[in-house]
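Structural features, examined
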Amino acid sequence: MKRKIFNSQRPATEAAAQRPFLSPSALRGEGRANSRNLPLNIMEVCGTHTNAIAKSGLKTLLAGRINFISGPGCPVCVSAQSDIDNMLALALKPGVITATFGDMLRVPGAKMSLKDAQTAGADVRIIYSPLQAVDIAQKNPNKKIIFLAVGFETTAPAAAAAVLAARKLKLKNFYVYTALKRVAPAVELILKEKNNIDGFLLPGNVSVITGLKEFDFISEKYAKPAAAAGFSAKEILAALAKLGKPKTQNAYAWVKAGGNKTALRLTAKVFTPAAGSWRGFGKIEQSALELKEEFAAFDAKKVFKIRAQKERKTKCRCALILKGKIPPQKCPYFARVCTPQKPLGPCMVSQEGACAAAYNNMG
Amino acid sequence: MCLSSVGKIISVKNGRALVDFNGVRKEVSAALKPQAKKGLYALVHAGFIIEIMAAKEAKKTIADINETQNF
Ligand code: SF4
Ligand code: SF4
């Protein structure tokens, strides 16, 4: 028997919501439906989804049927405290210009954020494309330019292209501090541990680059459904509709089979997968993208002799939130001490962070 | 963070593409998508075209996005 999650009398945003999809029995790989299985726990592994699901009203509309859990989907949020502290140390070095994406600016480090460092006189530039960091290096031959690279597979090819451009230009003052990460190993870690997740919404733009093979293990090894989703409410509903079977499927029009091969080739040319630290997860094998030996001259970690350090304990509960163990509202600091204006942790800084999304949509 | 925008490719020259985002034109790199061509739609992230789509298909996608607002 097939169960409807969406009762057709309910005013759903789209007609799509009224189709009988998401059979909970199928989602759980059971032969029999059971209404006690509701709500389904669906993890979205993408901060843009977290934001879209809250803002569009899907979270409220589907409450009781689907419990959305935010996974490790925002590269700012999952950056290890040690990476943030290292980036700050680099920013404070004399003769250095650091360049990074706007979301990184207010993440609290050991003593301050990059924004505080900027106020204190450090030259920290906000860029939109890694190529701008190469530009800055060209225009400032007497300074050392360090691109603080944060992002997932979507951003890694752009960072790779910047490194290759710098090499072509024979720049001697351009460096990259990489905190770039791969999504799949973190998802697998969640699946390996005990969990109550019934299905995954996969990050759309990561999938555009990697293709869906990267995530086949979710259904093949762990028998859970997964679908790559776009970012409008309609696209998210379309992806939810695909979660009926334990298969990894596509519901985002931009994803092509095999992903973007040119982008994957560039990433593989410059970076190599290595063990990397994630906030809340600790070290995950093969999850970080480090510069290859061939590009050691561009590697800020090597050139500036950054040593591995122990993870510093902070008050923030992002770690539990990123694993889907507690919702932001369960953090004792949420909205009381910790707000987007005065964030204690990265999940409240980044617009895509689970805490910021929860705060901004409190209504 | 992997936020992206969709725009129409106006021209491509030497690996740089001029893309029209709802009336705002921006030059981006076509290095990650050498098949980028005038008239196609582009998905752009961090100053790079990461995927392309024929106009007909893309217009539908754009309509979907506009309907529910950009996030
Ligand atoms: S598009 Fe990428 S960075 Fe952006 S929210 Fe999704 S997974 Fe995170
Ligand atoms: S509310 Fe603030 S302190 Fe609590 S987990 Fe979120 S970011 Fe950290």
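All of the points below concern the structure found in this document. These figures come from a predicted structure and were not determined experimentally.

Our focus in this paragraph is the overall build of chain A. Across its full length, chain A carries 17 helices and 11 strands. When the 363 residues of chain A are sorted by exposure, 59% land in the buried category. Relative to all contacts within chain A whose residues are 6 or more apart in sequence, the contacts with residues 24 or more apart total 72%. When the accessible area of chain A is evaluated, it comes to approximately 15,200 Å², of which 52% is carbon and sulfur surface.

Another point: the overall build of chain B. Regarding its fold elements, chain B presents 1 helix and 5 strands. Counting across all 71 residues of chain B, residues that qualify as buried make up 44%. Considering only intrachain contacts with a sequence separation of at least 6, the fraction spanning at least 24 residues in chain B is 33%. In the form shown here, chain B has an accessible surface area of approximately 3,700 Å², with 52% of it arising from carbon and sulfur atoms.

Residue and element names in this part refer to chain A. On the basis of which strands lie adjacent, the open sheet formed by 4 strands has the order S4-S3-S5-S6 and parallel pairing. Because the sheet does not close on itself, it has two edges, and the strands there are strand S4 (123-126) and strand S6 (174-180). Going from strand to strand, the sheet's axes swing by 20° on average, the running direction of each strand aside. Bridge analysis of strand S5 (residues 144-151) against S6 gives 7 bridges, and the strand direction is parallel. Its bridge partner being in S6, Phe147 is matched across the sheet by Val176. Against the sheet, helix H5 (residues 81-91) makes contact with strand S3 (96-100), S4, S5 and S6, and its axis sits at roughly 165° relative to S6, the strand it touches most.

Right, let's get into the site of ligand 2. All residues adjacent to ligand 2 are A:Cys316, A:Arg317, A:Cys318, A:Ile321, A:Cys331, A:Tyr333, A:Phe334, A:Cys338, A:Leu344, A:Gly345, A:Met348 and A:Cys355. Here the shell around ligand 2 is composed, by residue class, of 10 nonpolar, 1 polar and 1 charged.

Residues and elements named next belong to chain A. Mapped onto the elements, Thr210 comes out in helix H10 (residues 204-210). By relative accessible area, Thr210 is classed as buried at 9%. Leave out the neighbours within four places in its chain, and Thr210 touches Glu153, Phe215, Gly258, Gly259 and Leu264.

What follows concerns the interface of chain A and chain B. Quite often, the size of an interface is put as the accessible area lost when its parts meet. Listed as interface residues are 38 residues of chain A and, on the opposing side, 32 residues of chain B. Regarding the contact of chain A and chain B, the summed buried area is about 2,900 Å², with carbon and sulfur atoms giving 66% of it. Linking B:Glu51 and A:Lys256 is a salt bridge whose minimum nitrogen-to-oxygen distance equals 2.9 Å. Counting across the chain A and chain B interface gives 8 residue pairs in polar contact (both at pLDDT 80 or more). Residue assignment for the side of chain A that touches chain B shows that the elements contributing at least two residues are helix H2 (47-55), helix H4 (75-78), helix H7 (130-139), helix H8 (156-168), H10, helix H12 (233-241) and helix H13 (261-270) of chain A. A breakdown of the residues in the side of chain A that touches chain B according to their chemical character gives 22 nonpolar, 9 polar and 7 charged.

Once that is clear, we can look at the nonpolar core. If you look at soluble globular proteins, the nonpolar side chains tend to sit buried side by side. All names here are of chain A. Judged by nonpolar contacts, the single largest core of 111 residues is most densely connected at Ile146, Phe147, Phe174, Phe200 and Ile218. Residues in contact with Phe174, not counting those within four places in the same chain, are Ala133, Val134, Ala137, Ile145, Phe147, Ala162, Val163, Ala166 and Phe298. Core analysis: the next-biggest nonpolar cluster, separate from the first, contains 19 residues, Leu40, Ile53, Ala227 and Ala239 among them.

So, about the packing of aromatic side chains. Residue and element names in this part refer to chain A. If you walk through the whole model with that rule in mind, you get 8 aromatic pairs over all chains. Relative to Tyr252, the ring of Phe231 has its centre 5.6 Å away and its plane inclined at 85°; by these criteria the two rings are edge-to-face. With a gap of 21 residues between them, Phe231 in the loop between strand S8 (226-229) and H12 and Tyr252 in the loop between strand S9 (248-251) and H13 connect regions that are remote in the sequence. Assessed through its relative accessible area of 15%, Phe231 is described here as buried. Within the aromatic cluster, the residues linked to one another by ring pairs are Phe152, Trp278 and Phe281. The ring of Phe281 has Lys323 lying over it, and the distance from NZ or CZ to the ring centre is 5.5 Å.

Moving on, we come to the packing of H7(A) against H8(A). All names here are of chain A. Direction vectors running N to C along H7 and H8 enclose 25°, while the axes themselves pass 8 Å from each other. If you check the angle between H7 and H8, you find them roughly parallel. You can see that H7 and H8 cross each other, and the crossing is right-handed. Residues Pro130, Leu131 and Val134 of H7 touch H8, and the partners they reach there are Ala158, Ala159, Ala161, Ala162, Ala165 and Ala166.

Residues and elements named next belong to chain A. Taken in spatial order, the 5 strands of this open sheet run S2-S1-S7-S8-S9, and their pairing is parallel. A single partner strand is all that each edge strand has here, and the edge strands are strand S2 (66-70) and S9. Taking each pair of neighbouring strands and ignoring which way they run, the sheet shows an average axis angle of 25°. With 3 bridges joining them, strand S1 (residues 40-44) and strand S7 (residues 199-203) adopt parallel strand pairing. Bridging from a neighbouring strand, Ile42 pairs with Gly199 of S7. Strands S1, S2, S7 and S8 of the sheet are contacted by H2, whose axis makes an angle of about 115° with S7.

All names here are of chain A. Extensive coverage of S3 is indicated by the burial of 5 of its 5 residues. For S3 and S5, the ladder comprises 4 bridges, and the chain directions are parallel. Note on S5: the bridge partner recorded for Ala99 is Phe147. Pairing of S3 with S4 involves 4 bridges; the strand directions are parallel. Counted as the bridge partner of Thr98 is Val124 from S4. Crossover connection from S3 via helix H6 (residues 114-119) to parallel S4: handedness right-handed.

Thresholds, definitions, all that
Residues numbered from 1 in each chain as written. Chains lettered and ligands numbered in written order. Predicted model: local features only at pLDDT ≥ 70, side-chain atom pairs only at ≥ 80, totals over all residues. Heavy atoms only, no water. Helix = DSSP H or I, 4+ residues; strand = E, 2+ residues; numbered from the N terminus. Buried < 20%, exposed > 50% of the residue type's maximum accessible area, 1.4 Å probe, protein only. Contact = heavy atoms within 4.5 Å. Areas by Shrake-Rupley, 256 points an atom, 1.4 Å probe, with all protein chains shown as cover. Pairing = 2+ DSSP bridges. Axes fitted to C-alpha atoms, helices over the stretch in contact; angles between N-to-C directions. Near = heavy atom within 4 Å. Nonpolar A, V, L, I, M, F, W, Y, C, P; charged D, E, K, R; others polar. Buried area = accessible area lost by both parts, 1.4 Å probe. Salt bridge = Lys/Arg side-chain N within 4 Å of Asp/Glu carboxyl O. Polar contact = N/O pair within 3.5 Å; in protein donor to acceptor, adjacent residues only side chain to side chain. Core = buried A, V, L, I, M, F, W, Y, C linked by side-chain atoms within 4.5 Å. Phe/Tyr/Trp six-rings, centres within 6.5 Å; stacked < 30°, edge-to-face > 60°. Lys NZ or Arg CZ within 6 Å of the ring centre and 35° of its normal. Parallel < 35°, antiparallel > 145°, perpendicular 65-115°, else oblique. Left-handed = near helix turned anticlockwise from the far one by under 90°. Right-handed = clockwise from strand over helix to strand, strands pointing away.

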